[in-house]
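Each chain is listed here by its residues.
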Amino acid sequence: MSKSYKKLNKKWVAKQEELQGSLRRFKGEFIIAGIGFLIIVLFVIAEFFY
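Colleague: Which residues make up the overall build of the protein chain, and what values do they have?
Modeller: Across its full length, the protein chain holds one helix and zero strands. If you line up the protein chain on its principal axes, its C-alpha atoms span 75 × 10 × 5 Å. The buried share among the 50 residues of the protein chain stands at 0%. Carbon and sulfur atoms provide 72% of the accessible area of the protein chain, an area that totals close to 5400 Å². Computing the positive centroid from 9 side-chain charges and the negative centroid from 4, the protein chain places the two 22 Å apart.

Structure representation (structure tokens):
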């Protein structure tokens, strides 16, 4: 019982860490995409006004 529970727990912990890692990576990509989008929007506004 306890052996299989430990194994399951190890799998669960690994899964949680994997989830955290992918979340962090997604957040980084999201921030980069957001900055790129802002720059494009600023360029469009600048083109519109000048």
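From this point on, the discussion continues.
Colleague: Explain a nonpolar patch on the surface to me, and be specific about the residues and the numbers.
Modeller: A surface patch of nonpolar side chains, about 810 Å² in accessible area, is lined by Phe37, Val41, Ile45, Phe48, Phe49 and Tyr50. Among the secondary structure elements, Tyr50 is positioned in the segment after helix 1 (2-49).

Colleague: Kindly report on the packing of aromatic side chains, identifying the contributing residues and their values.
Modeller: Both the distance between ring centres and the angle between the ring planes are used here to describe each pair of aromatic rings. Under the counting rule described, the total for this entry stands at two aromatic pairs. Consider the rings of Phe26 and Phe30, whose centres lie 6.2 Å apart with planes at 25 degrees: the pair is stacked. With Phe26 and Phe30 both in helix 1 and four residues apart, the pair spans about one turn of that helix. For the residue pair Phe26 and Phe30, the accessibility class agrees, reading exposed in each case. With centroids separated by 5.7 Å and ring planes inclined at 80 degrees, the aromatic side chains of Phe48 and Phe49 adopt a geometry described as edge-to-face. Grouping residues by exposure puts Phe48 and Phe49 together as exposed.

Calculation rules
Residues numbered from 1 in each chain as written. Predicted model: local features only at pLDDT ≥ 70, side-chain atom pairs only at ≥ 80, totals over all residues. Heavy atoms only, no water. Helix = DSSP H or I, 4+ residues; strand = E, 2+ residues; numbered from the N terminus. Buried < 20%, exposed > 50% of the residue type's maximum accessible area, 1.4 Å probe, protein only. Areas by Shrake-Rupley, 256 points an atom, 1.4 Å probe, with all protein chains shown as cover. Lys, Arg positive; Asp, Glu negative; His and termini not counted. Charge placed at Lys NZ, Arg CZ, Asp CG, Glu CD. Patch = residues over 30% accessible without salt bridge, like charges linked within 9 Å, V, L, I, M, F, W, Y side chains within 5 Å. Salt bridge = Lys/Arg side-chain N within 4 Å of Asp/Glu carboxyl O. Phe/Tyr/Trp six-rings, centres within 6.5 Å; stacked < 30°, edge-to-face > 60°.

Purely spatial values, then, with no claim about function.
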